[in-house]
Amino acid sequence: MQRLHKWQLAAFPVGIVAAALMAIASEIFSLPILVPLAFLPIIAGLVYLAPFLALGAGWCYEKVFGGGIQGTLISASLRYRATSIGSSVVLLFCICAVSTVTVGLANAGLGQVSSGLSYWKPGIHWGALRDDAEVESTYEEFISPGVMGTFGQGRLLRENQRSINAFVMSCHEYAELATDDPECPADDAESLLTPVGMDAAALSSQFVIPVTDTELDLPPLRIQEVPGLTEILISTSSEEINNVGRYLYADLDQLPSNVVLSATMQTKSGLTSQERIDNVNSAMSSGYGEAASALTLSIMLFGLAAVSGITIAAIRDRTRLVKVLTLRGVQNTVAKNLVRIETISLTLPFALFGCISGTLLAAAVAQVSSLNPRDAFTPHALGILAAYVVAVPIITEIQLHRTDGQDD
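About the thresholds
Residues numbered from 1 in each chain as written. Predicted model: local features only at pLDDT ≥ 70, side-chain atom pairs only at ≥ 80, totals over all residues. Heavy atoms only, no water. Helix = DSSP H or I, 4+ residues; strand = E, 2+ residues; numbered from the N terminus. Contact = heavy atoms within 4.5 Å. Areas by Shrake-Rupley, 256 points an atom, 1.4 Å probe, with all protein chains shown as cover. Core = buried A, V, L, I, M, F, W, Y, C linked by side-chain atoms within 4.5 Å. Buried < 20%, exposed > 50% of the residue type's maximum accessible area, 1.4 Å probe, protein only. Phe/Tyr/Trp six-rings, centres within 6.5 Å; stacked < 30°, edge-to-face > 60°. Salt bridge = Lys/Arg side-chain N within 4 Å of Asp/Glu carboxyl O. Disulfide = S-S within 2.5 Å. Expected span 1.5 Å × (residues − 1). Bend = angle between axes of the 7 residues up to and from the residue. Arc of directions from axis to C-beta. pLDDT = per-residue confidence, 0-100. Patch = residues over 30% accessible without salt bridge, like charges linked within 9 Å, V, L, I, M, F, W, Y side chains within 5 Å. Lys, Arg positive; Asp, Glu negative; His and termini not counted. Charge placed at Lys NZ, Arg CZ, Asp CG, Glu CD. Pairing = 2+ DSSP bridges. Polar contact = N/O pair within 3.5 Å; in protein donor to acceptor, adjacent residues only side chain to side chain.

Some details on the overall build of the protein chain
Right, so step 1: What the protein chain contains, in helices and strands, is 13 helices and 10 strands.
Right, so step 2: Pairs at least 24 apart in sequence give 78% of the contacts found in the protein chain among residues at least 6 apart.
Right, so step 3: Within the structure as shown, the protein chain displays about 21600 Å² of accessible surface, and the carbon and sulfur contribution to it stands at 61%.

This is how it looks when you write it as structure tokens:
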């Protein structure tokens, strides 16, 4: 058995600590390059820890097979080749996990981008108002619901600490602007208007403006569910709530060009259109999708290379055993079946559990990152697993055929 040192056990925890320090240093010294480099000590620590994990896997195989010849062969490969075959199967598990984590998080991020389209009807333009803007008094004759006006926007916290968007405006004005078709109540004054079925009791009374990190307490509001509404609306006479996070909206088709130009000067960075937001989100979605596909393909190819290496090493390691069994009267097909069982058992379980673990980890990260965890479960993960599952027997048969050719 290859000699392993106990200090190797400390390599992985040390790698995690080093990665955490590099991540902290990237924030303190404004060095973003340290974030991807922080993965290097983790990978190095895992490489040193892999032989010990291989020994543990060998013990598990021996217990599962009850001391049979299959379990003995597999356990021997993991124990006596802990720094070669053993390290390879552990790293295969990590490769499968990284592959499915990448796919899951990319898909969850794409789901977030696609759901971030504009709220307003085509033709409506809007922009953040300057702090000193006087829209109501300057454009009094043009202000009308659906034509020109102002609204507030911020976030409401929920019990799970995830926030949700909220607009400060009346329901009737919102209906003139939005793609929704809400059935607004006759009286929505001093109300918190929510979509039907939303648990309004889980919303806190804290109204947060992310841009300025402003937090305000909402006044007492009655809760009303509005059929057809998809966003949360805050309709209140509180000047404090109405004066933060303000935006100007304008329908360019119903306003004179000189008014539009003058109103634009009241904003911080001009007016934005529905079409521009949709185009930007479409480009982001397409770009993220292409990057995720390229990254996933490269990781999958690296994983297939690892599967090939493990299979080739295991078969070459058992070439002498096949010859001895054949000389002792054991049929060549029986001896090769033992090699097939060993090779497949060394690879498929690690690939399977790696893909499952990676998908679950992606869902967990999506959950704590305010993404939809269901988006992490994607058919691409099954595709990665299927590629590995199909590759193992094919590579095994190819290598066994090459071994027969060399023996001849």
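From this point, the discussion proceeds with the structure in view.
Points about the nonpolar core
Right, so step 1: Within the largest apolar cluster, 28 residues are counted, with the highest numbers of intra-cluster contacts made by Leu78, Val89, Leu92 and Tyr388.
Right, so step 2: Listed in part, the 16 residues of the second largest apolar core include Trp120, Met169, Leu233 and Tyr249.

Looking at the packing of aromatic side chains
Right, so step 1: Summed over all chains, the structure comprises seven aromatic pairs.
Right, so step 2: Considering the side-chain rings of Phe151 and Phe167, the 5.9 Å spacing of their centres and the 75° angle between planes classify their relative orientation as edge-to-face. Taken as a pair, Phe151 in strand E2 (residues 148-158) and Phe167 in strand E3 (residues 163-168) lie far apart in primary sequence, 16 residues in all.
Right, so step 3: Through a chain of ring-to-ring contacts, three or more aromatic side chains come together here, namely Trp120, Phe151, Phe167, Tyr174, Tyr247 and Tyr249.

Some points on the pattern of salt bridges
Right, so step 1: Following the criterion strictly, the structure yields two salt bridges and no others.
Right, so step 2: In this structure, Arg246 and Glu136 form a salt bridge, with 3.4 Å as the shortest nitrogen-oxygen distance. With Arg246 in strand E9 (residues 246-251) and Glu136 in helix H6 (residues 135-138), the pair connects residues that are 110 residues apart, well separated along the chain.
Right, so step 3: Across the salt bridge formed by Asp187 and Arg222, the nearest N and O atoms sit 2.9 Å from each other. Note that Asp187 is positioned in the loop between helix H7 (171-177) and strand E4 (191-195) and Arg222 in strand E7 (residues 222-226), a separation of 35 residues in sequence.
Right, so step 4: Looking at Arg222, the relative accessible area reads 39%, which means it is partly exposed.

Here's the deal with the state of the cysteines
Right, so step 1: Evaluated as defined, the whole model comprises one disulfide.
Right, so step 2: Put simply, Cys171 and Cys184 are joined by a disulfide, and their sulfur atoms are 2.0 Å apart. Across the S-S bond of Cys171 and Cys184 the torsion is about -75°, and the bridge reads as left-handed. With Cys171 in helix H7 and Cys184 in the loop between H7 and E4, this residue pair connects regions lying 13 residues apart in the sequence.
Right, so step 3: Given the relative accessible area of 0%, Cys171 is considered buried.
Right, so step 4: This cysteine, Cys96, is not joined by any disulfide, and Cys355 carries the nearest cysteine sulfur, 4.4 Å off.
Right, so step 5: A relative accessible area of 3% places Cys355 in the buried class.

Remarks on unusual backbone geometry
Right, so step 1: Positioned with a positive phi, Glu190 is a non-glycine residue whose angle comes to about 50°.
Right, so step 2: Structurally, the position occupied by Glu190 is in the loop between H7 and E4.

Structural notes on the environment of Val168
Right, so step 1: Checked against the element boundaries, Val168 lands in strand E3.
Right, so step 2: Separated by 64 residues in sequence, Val168 and Ile232 place their C-alpha atoms 8.7 Å apart.
Right, so step 3: If we ignore the near neighbours within four places in the chain, the residues touching Val168 are Phe151, Gly152, Phe207, Ile234, Ile241 and Asn242.

Brief notes about helix H12 (residues 332-368)
Right, so step 1: Along its 37 residues, H12 runs 54 Å from first to last C-alpha, staying within 8% of the 54 Å computed at 1.5 Å per residue.
Right, so step 2: A maximum bend of about 25° is found in H12 at Ser345, where proline Pro349 lies one to four positions downstream.

Some details on helix H1 (residues 11-28)
Think of an α-helix as turning once every 3.6 residues; residues three or four places apart then point the same way.
Right, so step 1: Between the first and last C-alpha of H1 there are 26 Å, a value that for 18 residues agrees with the 26 Å anticipated at 1.5 Å per step.
Right, so step 2: Among all positions in H1, only Ala11, Gly15, Ala19, Ala25 and Ser26 are buried. The arc enclosing the buried residues of H1, seen along the axis, measures out at 125°, which places them on a common side. Exposed side of H1, more than 90 degrees from the buried face: Leu21, Glu27 and Ile28 are the residues found there.

Here we look at the confidence of the model for the protein chain
Low pLDDT marks regions whose predicted coordinates should not be analysed in detail.
Right, so step 1: For the protein chain, the mean per-residue pLDDT works out to 78, and 83% of the residues sit at or above 70.
Right, so step 2: Between the elements of the protein chain, mean pLDDT differs from a low of 68, seen in helix H2 (residues 34-37), to a high of 93, seen in strand E8 (residues 232-235).

What to know about a negative patch on the surface
Right, so step 1: Residues Asp213, Glu215, Asp217 and Glu240 make up a contiguous surface patch of negative charge.
Right, so step 2: Relative to the assigned elements, Glu240 resides in helix H8 (residues 239-242).

A word on the pairing of strand E6 (residues 214-217)
Right, so step 1: Summarising the sheet, strand E5 (residues 203-209) and E6 pair through four bridges and their orientation is antiparallel. Across the sheet, residue Ile209 finds its bridge partner in E6, namely Thr214.
Right, so step 2: Once E5 ends, the chain turns through four residues before running back antiparallel as E6, passing Asp213 with a positive phi of about 55°.

Focus: a nonpolar patch on the surface
Right, so step 1: A cluster of nonpolar side chains, namely Val17, Leu21, Ile24, Ile28, Phe29 and Leu31, defines an oily patch on the protein surface of about 620 Å² accessible area.
Right, so step 2: Secondary-structure assignment places Ile28 in helix H1.
Right, so step 3: On the basis of relative accessibility, which here comes to 58%, the residue Ile28 falls in the exposed class.

Quick notes on the environment of Tyr249
Right, so step 1: Among the structural elements, Tyr249 can be located in strand E9.
Right, so step 2: A relative accessible area of 1% places Tyr249 in the buried class.
Right, so step 3: Separated by 125 residues in sequence, Tyr249 and Ile124 place their C-alpha atoms 6.7 Å apart.
Right, so step 4: Of note is the side chain of Tyr249, whose polar atom sits 3.4 Å from the backbone nitrogen of Gly146.

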